[in-house]
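Each chain, written out:
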Amino acid sequence: MADEEADETDEQAGDEADEAVDSGPTPVGVKLGSTRTVLQYVRDGELNTVRTLTCLATFEDALTGEEKVLFGEQAAREYPDTVEYMLRSGLPEDDDSATLASKFFNEVVASEHLDANSAVVYAIPTIDNEPGLANLNRVIEESPVGNALVRSFPESLCGAIPAFGDDLEAIDEVFAAINMGSTNLEASAYRHGEQLSPFVSGAVTGNEVDRRIANAVEEETQGRVNVDLTTAREYKEEHADFDDFQPFTDVIQQPGGGAHEFTIERSVMEPLSDYVDDAVDEVANNFLAQLANDHMKPYQLALSKPIVPTGGMACIPGIVDVFEDRLSDELDREIDCIAAERPDLAPAEGARRIAERLTA
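Here's what I pulled together on the structure shown here. Here the structure is a predicted model, which means the values were calculated and not measured.

1. Side note on unusual backbone geometry
For histidine 113, which is not glycine, the phi torsion reads 55° and is therefore positive. You can see histidine 113 is positioned in the loop between α3 (95-111) and β6 (118-124). Of note in the backbone geometry, aspartate 332 takes a positive phi value of approximately 55° without being a glycine. Take aspartate 332: it is sitting in the loop between α10 (319-331) and α11 (346-358). On the accessibility criterion, aspartate 332 (71% relative accessible area) is exposed.

Written out as structure tokens, the structure reads:
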């Protein structure tokens, strides 16, 4: 009898220990982007953020003949000729790109040792593409994570959450968000989390800025220098600054041997200034006009609150202030803009916070 009581006590103590160790599902926020993917999760009380290029390369193991997979910066660096960016349009458009996206996402998840008992919230673009959105959902649903929960929310809503505070204050607000992404310019108003008048423009994009920078470099160097779009993007990300741009030099190897050094003074900031003008025009004369027509009272409330720029282009120093000033001039009224400290990480961070709330 005493032995039975002892066994029961030991079993109860073991159950209590298991409960103490089990802290519930791991909350994971995901943003699968056309250029970069971001994951954010909390493990053992520690916040982890993963930011990597959305690309994949495969090669054959020289010894075993097995297929090996690389992703992100390593894939782009070691296999530049064969690396595949499967989300160039923002979504996996067909079965082939969905298969590649699944392989990419599974590799990222495996590299972080994320377990199946996780709650995954992923940010989705504001885009009218049901097949692409269904493929994106399949990529996440069929991955090794998310057994506890898989949900999706608009990217601009997720990206606005860190801009408003440390919790989910954005869900209680009426505001407008502008997602300045590589593939599209997206805009939406939100009323207590409800998306109003979603707007998408493919005419004003980060990718188009890269093309304009490449063309401007050729013009500024009088045709002596041609840079590819990857180099143009690097110029933008490393040197663009509306507050304090500094001319910079670079060196290219000449086809016949030798090197050519050149200086860039105008080719980065002029395309970016044009980008801001185009974005202001789209937001003021298309998105906000549509919002006013569809929802006049939320339109008035949204303009009385800060507008939230999100996305990779919003990371450029000073661009939020310049956008605010030019949008104010265009609308002939005072407009305030706020942004997260890291707009490129903000959608994954906001998604992770939602996952935490849904599993609390």
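From this point, the discussion proceeds with the structure in view.
2. Considering the sheet that holds strand β7 (residues 149-154)
The mixed open sheet is built from five strands, whose spatial order is β3-β2-β1-β6-β7. Every interior strand has two partners, whereas the edge strands, β3 (46-53) and β7, have only one. Taken pair by pair, the neighbouring strands of this sheet meet at an average axis angle of 15°, ignoring direction. Across eight bridges, strand β2 (residues 36-43) lies against β3 in antiparallel orientation. Residue pairing in the sheet places leucine 39 in a bridge with valine 50 of β3.

3. Brief notes about the pattern of salt bridges
Here the structure, examined in full by the defined rule, presents 19 salt bridges. A salt bridge links arginine 233 to glutamate 237, with the shortest nitrogen-to-oxygen separation between them at 3.8 Å. Here the residue arginine 233 and the residue glutamate 237 both occupy positions in helix α7 (residues 229-239), the gap between them amounting to four residues, near one helical turn. Under the relative-accessibility criterion, glutamate 237 is labelled partly exposed at 42%. A salt bridge links glutamate 349 to arginine 353; the nearest nitrogen and oxygen atoms lie 2.7 Å apart. Taken together, the residues glutamate 349 and arginine 353, both in helix α11 and four residues apart, mark about one turn of the helix. With a relative accessible area of 9%, arginine 353 lands in the buried category.

4. Here's the deal with the packing of helix α6 (residues 206-220) against α7
Following both chains from N to C, one finds α6 and α7 inclined at 100°, their axes separated by 8 Å at the closest point. Relative to α7, α6 is oriented roughly perpendicular. Across the interface between the two elements, Gly206, Val209, Asp210, Arg211, Ile213, Ala214 and Val217 of α6 pack against Leu229, Ala232, Arg233, Tyr235 and Lys236 of α7. Of the residues assigned to the contact of α6 with α7, the class counts are seven nonpolar, one polar and four charged.

5. Quick look at α3
Spanning 17 residues, α3 covers 24 Å between terminal C-alpha atoms, matching the ideal 24 Å at 1.5 Å per step. Taken together, the buried positions of α3 are occupied by Ser97, Ala98, Leu100, Ala101, Ser102, Phe104, Phe105, Val108 and Val109. Following α3 by one or two positions, histidine 113 has its phi on the positive side, about 55°.

6. Thoughts on a negative patch on the surface
A cluster of acidic residues, Asp243, Asp244, Asp281, Asp321, Asp325, Asp329, Glu330, Asp332, Glu334 and Asp336, forms a negative patch at the surface. Sorting elements by how many residues they give to the negative patch places α10 first, with four residues. In this fold, aspartate 329 is placed in helix α10. Aspartate 329 gets classed as exposed once you look at its relative accessible area, which sits at 65%.

7. Some thoughts on the side chain of arginine 352
Secondary-structure assignment places arginine 352 in helix α11. When its relative accessible area of 8% is taken as the criterion, arginine 352 is described as buried. The contacts of arginine 352, once residues within four sequence positions are left out, are Pro27, Val28, Gly29, Gln40, Tyr41, Val42 and Leu47.

8. Some words on the environment of isoleucine 161
Summarising the element assignment, isoleucine 161 is placed in helix α5 (residues 155-164). Since its relative accessible area comes to 0%, isoleucine 161 is described here as buried. It is 18 Å that separates the C-alpha atoms of isoleucine 161 and leucine 303, two residues lying 142 residues apart in sequence.

Cut-off values and rules
Residues numbered from 1 in each chain as written. Predicted model: local features only at pLDDT ≥ 70, side-chain atom pairs only at ≥ 80, totals over all residues. Heavy atoms only, no water. Helix = DSSP H or I, 4+ residues; strand = E, 2+ residues; numbered from the N terminus. Buried < 20%, exposed > 50% of the residue type's maximum accessible area, 1.4 Å probe, protein only. Pairing = 2+ DSSP bridges. Axes fitted to C-alpha atoms, helices over the stretch in contact; angles between N-to-C directions. Salt bridge = Lys/Arg side-chain N within 4 Å of Asp/Glu carboxyl O. Parallel < 35°, antiparallel > 145°, perpendicular 65-115°, else oblique. Contact = heavy atoms within 4.5 Å. Nonpolar A, V, L, I, M, F, W, Y, C, P; charged D, E, K, R; others polar. Expected span 1.5 Å × (residues − 1). Patch = residues over 30% accessible without salt bridge, like charges linked within 9 Å, V, L, I, M, F, W, Y side chains within 5 Å. Areas by Shrake-Rupley, 256 points an atom, 1.4 Å probe, with all protein chains shown as cover. Lys, Arg positive; Asp, Glu negative; His and termini not counted. Charge placed at Lys NZ, Arg CZ, Asp CG, Glu CD.

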